[in-house]
There are 2 protein chains.
Amino acid sequence: MKRLFLFPLLSVFIFAQTNYIQYVKPLTGTQRMGHTFPGAAVPFGAVQLSPDTDTLGYEKNGKYQAEVYQYCSGYQYEDRTIVGFSHTHFSGTGHSDLGDFLIMPTTGTLQLNPGTADHPENGYRSRYSHANETAEPAYYKVKLDDHNITAEMTTTTRVGFHQYTFPQSDSAHIILDLMHGIYNYDGKNVWIFVRVENDTLVTGFRQTNGWGRTRTVYFAMAFSKPFTSYGHAKYDTSIYRGFWKKFDVRTNFPEMAGKNIRAYFNFSTYENEKIKIKFALSPVSTEGALQNLVAEIPDWNFERVKNESQQLWNVELGKVNVEMLTQKDMETFYTSLYHTLLGPTVYMDVDGRYKGIDQNIHQADGFVNYTTFSLWDTYRALHPLFNIIQPKRNGDMIRSMLAHYDQSVHHMLPVWSHYANENWCMIGYHSVSVIADAVVKGNIPFDAVKGLEACVTTAKQKYYDGLEYYMQTGYVPEDKNSSSVSKTLEYAYDDWAIAQMAKKLGNEKVYAEFIKRSENFNNAFDPSIGFMRPKMSDGTFRKNFSTLETDGQGFIEGNSWNYTLYVPHNVPQLVQLIGGNKRFSYYLDSLFTMHLPDEFFAHNEDITREGIIGNYVHGNEPSHHVPYLYNWIGEPWKTQEKVRMILDTKYSNTPDGLSGNDDCGQMSAWYIFSALGFYPVAPGSDRYSIGSPLVRSAVIHLENGKTISIEAKNQTAKNVYVQNILLNGKVWKENYFIHSNLMSGAAIVFEMGAKPKKR
Amino acid sequence: MKRLFLFPLLSVFIFAQTNYIQYVKPLTGTQRMGHTFPGAAVPFGAVQLSPDTDTLGYEKNGKYQAEVYQYCSGYQYEDRTIVGFSHTHFSGTGHSDLGDFLIMPTTGTLQLNPGTADHPENGYRSRYSHANETAEPAYYKVKLDDHNITAEMTTTTRVGFHQYTFPQSDSAHIILDLMHGIYNYDGKNVWIFVRVENDTLVTGFRQTNGWGRTRTVYFAMAFSKPFTSYGHAKYDTSIYRGFWKKFDVRTNFPEMAGKNIRAYFNFSTYENEKIKIKFALSPVSTEGALQNLVAEIPDWNFERVKNESQQLWNVELGKVNVEMLTQKDMETFYTSLYHTLLGPTVYMDVDGRYKGIDQNIHQADGFVNYTTFSLWDTYRALHPLFNIIQPKRNGDMIRSMLAHYDQSVHHMLPVWSHYANENWCMIGYHSVSVIADAVVKGNIPFDAVKGLEACVTTAKQKYYDGLEYYMQTGYVPEDKNSSSVSKTLEYAYDDWAIAQMAKKLGNEKVYAEFIKRSENFNNAFDPSIGFMRPKMSDGTFRKNFSTLETDGQGFIEGNSWNYTLYVPHNVPQLVQLIGGNKRFSYYLDSLFTMHLPDEFFAHNEDITREGIIGNYVHGNEPSHHVPYLYNWIGEPWKTQEKVRMILDTKYSNTPDGLSGNDDCGQMSAWYIFSALGFYPVAPGSDRYSIGSPLVRSAVIHLENGKTISIEAKNQTAKNVYVQNILLNGKVWKENYFIHSNLMSGAAIVFEMGAKPKKR
C-alpha cells in the first residue's frame, strides 16, 4: 500500500511521450458558477490543496445564504485577495463543505483574524494578482503581495506540500487556521484538537457539523525548519479547567483544544528563505496522518514531489491521446479530462484503514476506499467514463459504496456521501445505476450478487424520500413528497438499471419485479397536456401547474419541459407518450429554440443563463442525455449538430469556461464522451448513443492493453455531420456503439461532412 | 482478555467462605460531602451504574457553582427524587464529571425533560424512598414511585445490566438521556451520535468538554424485548441538512446526532413484565462496546450476573478477613475496603484496546489499562495499600501511567487524569510516589528503568506549575505561582521518592540530584515564626500571613498549621525546624486540641467541620500522615490514641459516615491501614509507622500465597494503647514495620491496654 504512486510511474514510459499537463488549465471553471478549484492535487487525491479567496457563508433562519453556493470550492476568480491555502475541496459541487486546515504565511505584526476582502490589511489575508499566479495539475504558485511571500504547493495522494519563499524578516509566521472552513457558519466547528509534538511537528483533528453531520479529519503537519515559538487563540467559551493557575495555555503550551482555534508558529527568515510544510490528512487518527506523511513524502524535495505528481497526471491524461482542431480545444479537452479525475477521492490511510459511515474504523481489504459520491450527477457519464478509462478505480469506488451499504444504519447505498457521512443531497438511489452499469459492462471486480442485494435493499427502504408511496401506488404523490415527478422518473430509471443487472446475473425474480417498477414513469405523464406532471395521492394531477417554471412544480432543478424527457431507459415509450416521432421531434426542436425567460429559473442557483440553449439546460444535469434523443426518431443529424453546438459554446479553456457547476466531473465527463463521438444515454445499458466527435483523432489506452482509436475524417468546425462510420474497417450502420465491441479493441472512423446525412 | 472475571472466580473457593458483602453499605458517604455513589459496580469496573438524584452544576463567569461540588457522584442522600441511572461515576472526588448515558424507565405520557426535584411530575424523574432502596456491592434496587416501576441493576466490568419491572401499560418508555451528565453546564456536550441498529440494539457515543477536555465514551445498548417505536428530541441548533424534505428525523429515524439529544423507546408491558437492558461502554468505538457487551454478558440471566459479580466482591473483600469489636465496625471496615476497590477503573476493551491521551487508539500489551488517577489523594495510602493487597493491579496501574507518559505531549506522568485526558487537578507530580513506592517495595511488574526516566522527565517539565522557579531557586515563589508552599513541600517529597527509587535501581546520579532537591522543604520554613510560609522571588517571606487561614496563604486546601507538617520523608529534620521534640510535641498537641473557627475554612469546599479535630483536618488529605508523627518523638501512645479517636469518630457505616470526600478511596485506605495497626507515612519508604489497631484480628491473604495475620489481644474500645508487639512470635521493639517482613508472611500480635505504655 505504501507509496501507491510508484506503480503507475512504471507506465509513464509507455504513454507519457506527450506532456499532457501543458493543456490543463485548472483555473477553468473558477469564474462564475463552475465551482472548480485551481489548486494542487493528484488524480483522485485525498488532499486537494488550493487557495481560498473567501468562504462567506452562513445559515440564517434555516436558509443558507448565497455565498455558500458561490464559494463551494473556496475560490472565485474575481476576488483580489487570498485568505490562505486549505487542504480539502470539492470540485464543482453545488453545495459547500470542507476547506480543512487553512495555512497562511505572513510577515510583520501577527494578525490572527483573516481580515476582509475590502481591507485585507486588517487581517492575515493578502492581495494577489492573476499575473503572479500559476495553476497546473499538482502545482499551484502565487505571490502574496501583502506579505512579499511566494507560495508554492504540490501534493501526493494524502499529503500537501507547501513551499513558502519569505523575505528577510524577524517576524515571519505560519498561521494554521483551524476554524476556517468552507460553509463556515457559527456552530460548524464541533471540536478542534491540536498537539505540538515538537518544534517541527504538529498533529490534531478538526470535527465539524453541517453537510457532513459527524465529520472528523485528522492531520500531521511537519515543518522543514523549527519554529522559535508558537501559540494559539481560542474564539469560544469552551472550558479548560486545567490551566487555571498553572499554565499560560496561549503561548508555547503544546496542547490546544476548543471549538474555534487559530494557531501560529513564529520564525525568523533570511531573504528568499524557503520554509516548507508537509501536511498529511487521515480519516482515522493523527497516528494515521503521520504514517501517511512519512510514507508518501519521506524527504523535503519539493521539486521531486512536484515532478512525480505531475507525471501521475501525464499517465492518467495520456490514457486518452487526442488531436483536436485547435489549441483551445486541446486545452478544453484535457482540462475536462483533468476535472473528471479529481473525484471521488481516496479515503483511507496508506495501511488501508478508514472511518466508515458507522464512525467505526474499517480496513479496506484489497481495494482503495473512496469518498465524495455526488451520485445524482456522476452516475450519468462520469462512472460510465470510468468503466472505459478507469475500470479498476471504478470497481474500487463500487466496493467503497458497498462498504458504505454494509455500514449504513439505513441499509442503503450512498445517495450523496462524503467523509463517512450521508448528506442525502438530491434525489434517487443512483448508486444502483453505477453498480448496474459496471455489471452490465462486465467490469465486476466486486461481489455482484451482493451488489444486487444492496441495490434491491436500497430501493425498498420505505422511509426514504417517498419510496413507500412509490412502491404502493407506482408514483410519488406530490402532496406526500415534493419534487415528486423527478423522484418518480429517477426511481423508474434506477429500477430499470437494477433489472438490467438482475438479468445479467440471471436473477429472474428481481428482474421481473424491477422491470415492472421501471415502467412507473408512465404514471407521471399527463396525456392531456403531453407533459410529466405532479400527481396527487388521490390520482388526480395537480391543478396549478407550469411547464416552464423550475421551482415548486414537482421537479428538482429542472422544469417539466426538460424533466419530461427523463426516461433514458425507455425512449421508444417516451416517444409514444409524447405522441410519436413527429411530435417528439417538434418537442425537442422547441426545447432547443424556444425562449425561457429568466423569471422561470432565476431563483434557482443551479440553472444559469450561460448554461441554457433555448429552454434546454446544459448547465445542470437532468437533461444531459437529451441532445442524443434525436437518434431514437431517425434524426441523428440533429443530435450531431446539437452536440457540437454544446461542445463549442458551453465549454472553454478559460476561467469562465464552464456553463454550470462541474458537479464532481459530470459536466466534464459529458464533454469527454461527446468530444469522442458517443454518450451513455442510459447507464446500465451496454450501448453508447452516437453523436458527433469533436476530436480529429483519439487513441484510448485501455487497462486491458487494448486501444480504441477514433479518427474523424474531414473534421472541421463546420463538418459536424457524420456521413459514415467504419468500425474496424467495416461500415457501422447503427446509431450506437456496444461497450464490448469497444473494450475488445476498436478502430472507429467517422467520416464528417458539412451537411446532414439523412437516410 | 475475554471474560476477565472468570479467572478470579477460581479463587472464590479459597477465600470466600464468608459472605463479606453483607458488611458493605454502599450508601455510606452519600450524605453530605462523602461523594460516594450507592450504585452497582464490580471491583475497578469501567461501568459504575448508579442513580443520579440531581446533577445541578454550571459554570458562571469562570467560576463553577456549589452544586458542582455537592453532586460529584450524582447522588445526595437527602434528595427525594431520582432522575435516572447513569453508567459512569467518580467515587468520592472533589470535582465533577461523567454521569454518561442516563437511563430512566417511565410509564404514562412521554416526558423528555427531567423535571425538577420540587416538581418531579413535570418530567421523567421519579420520587423514591430509602425504605424501598437496596444498595449492595454490584447490586442496586429502588422503587420508582411515580412510575410504579421497580428498578434493579448489576454490572460486569464493562457492561451495566438493568432490569425494570413494569406495571401493565400500553405507554411504557425507556428514556436514554444523552445530554444528561454530571457537571453539565451549557456547552458541556460537544457531540452526541446514536444509531438504532435494529429494534433491540442501539449504539453511539457522547463527546464532552470540561474537566476532561476532549472526552468521548462509546456505547452499545441491547434490549431484552423489541421496542415498538422510538424517537428523539434535539435541544440545540446544530444543522442537519439531510432530512430537509426527506425524513421526519424525530421519529423512527435510526440515526441521531447533535449536541444535546434525548432518545426514547416505547413499549407495551403486562403487569410485572421485566424489560432488561445491557449497556456496554468502550473508550474506543461502538464496535468495541458491542464486543464488550457480547463478551461479558452473553445472555439475559440477571440473577447469574448479579451473583457472579457479587462473588467477585467476596473474593476481593475476602483478601482481608477481619474480626472487629462491633457489627458497626465490621460494616465500616468492609465498606471502607469496598470504597478502596472502586478505582482506578478499567479503561480498555476486552481486546485490550483503549484511547490514549493523544486521542489515538492503543493496545495494552500484557496489562490492564486503568484510568481515573486522583493522584494527589491516592498516592498517600491507596496505592501503598494496593502494594499489599492488589500488587498485580497496582503494577498495571503503573503501566497505565507509563503509557500515559509515553502518549503525553507534555512528556509527563499523570497528575489527575481520567478518560484519556489530563485535568491537572491539584498539585505535585505524585505519580512518582506511586512508582517509587512500588519499586522500593519490590513490586515491579513494569520497566523500572523506564519508570525512573518518566519520573525524572516529569519532575523537570519547566512550564509545569512553578517547577522552573523551584528548580532554579529551591522553592516556588508565591509571587510567581500561588499555593507556592504546598507545591514546594510536595515537590520536595516527590523528589525524595524519586531519589529512593534511583537508589534502589543503583542510579547514583539521579539519587544525588533528587535527594538534594528533596531538602527544598527547608526553603519554605520561616524560623522567625516556626511555620512554613510563602516566600517571594526576592527571598523574603510574604508579609501578610495567617497560619490559620486556609485560602490565599500559599497553601492549597490546608492552612499553615496543617501543611507545615508536610515533610513525611524527613520528619527528624522537620522536628528540628520546629524546635526539637518538645516543641514538636506541643505543636502536635495544639493542632489536635486548639479551636479552628469556621471563618478560616468555611469558604473551602474540601474542609468541613465534620472532618476536623481541633485544627487537624482529617476530612481532607494533606494531614493524613500527621497522627503518626508522634512516633518520631518518642510519644507513640499519642499516635495510638489519635488514630483510634479518628477511626471511631470520623468513619461510620451510615450515609453520613464519611467526614470528607472519600477521594477515590484515599479516606477509606487510611481507615483500612489504621484499623490494621500501621500506616505508610512516606510512600517510597519500605516502612509503615505503627499506630493502634482497631481490628480484633485480621488475616491478609497475599497474592504470593503468604498471609499476614494480625491479632490484637485484649482489644476493647478503651484499650487503645499498644503495650507490646510480637512479630512472628518475637518481641518487636520498633515503631514501624518493614514491607518485606510483612510480605514474606507475618504473624503480628498487638497486646493492647487501657494505659499508654511509655518507654
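Residues numbered from 1 in each chain as written. Chains lettered and ligands numbered in written order. Predicted model: local features only at pLDDT ≥ 70, side-chain atom pairs only at ≥ 80, totals over all residues. Heavy atoms only, no water.

1. Comments concerning the nonpolar core
- One finds A:Phe85, A:Met221, A:Phe265, A:Phe333 and A:Leu676 to be the most contacted residues of the largest nonpolar core, which totals 218 residues.
- If one sorts the elements of this core by residue count, helix 13 (residues 484–504) of chain A sits on top with 11 residues.
- Contacts of A:Leu676, omitting those with residues within four sequence positions, involve A:Val320, A:Val322, A:Phe333, A:Pro693, A:Val695, A:Ala698, A:Ile700, A:Ile710 and A:Phe750.
- Grouped together as the second largest cluster of nonpolar side chains are 217 residues, B:Tyr164, B:Ile389, B:Ala492 and B:Tyr493 included. (Core = buried A, V, L, I, M, F, W, Y, C linked by side-chain atoms within 4.5 Å. Buried < 20%, exposed > 50% of the residue type's maximum accessible area, 1.4 Å probe, protein only. Helix = DSSP H or I, 4+ residues; strand = E, 2+ residues; numbered from the N terminus. Contact = heavy atoms within 4.5 Å.)

2. Digging into the pattern of salt bridges
- Taken as a whole and assessed by the stated rule, the structure comprises 64 salt bridges over all chains.
- A:Asp97 serves as the salt-bridge partner of A:Lys188, at 2.8 Å between the closest nitrogen and oxygen. Of this pair, A:Lys188 sits in the loop between strand 12 (169–177) and strand 13 (189–198) while A:Asp97 is found in the loop between strand 5 (84–86) and strand 6 (102–107), placing the two residues 91 residues apart along the sequence.
- B:Lys638 is the partner of B:Asp589 in a salt bridge, and the nearest nitrogen-oxygen pair spans 2.8 Å. Highlighted residues: B:Asp589 in helix 17 (residues 581–593) and B:Lys638 in helix 18 (residues 636–649), separated in sequence by 49 residues. (Salt bridge = Lys/Arg side-chain N within 4 Å of Asp/Glu carboxyl O.)

3. Re the packing of aromatic side chains
- Under the criterion given, the structure shown has 115 aromatic pairs over all chains.
- Plain terms: the ring middles of A:Phe101 and A:Phe279 are 5.4 Å apart, the flat faces sit at 40° to each other, and that makes the pair tilted. Of this pair, A:Phe101 sits in the loop between strand 5 and strand 6 while A:Phe279 sits in strand 19 (residues 273–282); the two residues are 178 residues apart in sequence, bridging distant segments of the chain. Neither A:Phe101 nor A:Phe279 differs from the other in exposure class; each is buried.
- For the ring pair B:Phe592 and B:Tyr616, a centre distance of 4.7 Å and an interplane angle of 35° mean the geometry is tilted. Remark: B:Tyr616 occurs in strand 30 (residues 616–617) and B:Phe592 occurs in helix 17; sequence separation between them is 24 residues.
- Judged by its relative accessible area of 0%, B:Tyr616 is buried.
- Looking at A:Lys642, its charged tip hangs above the ring of A:Phe592, at a distance of 5.3 Å from the centre. (Phe/Tyr/Trp six-rings, centres within 6.5 Å; stacked < 30°, edge-to-face > 60°. Lys NZ or Arg CZ within 6 Å of the ring centre and 35° of its normal.)

Purely geometric numbers; function is a separate question.
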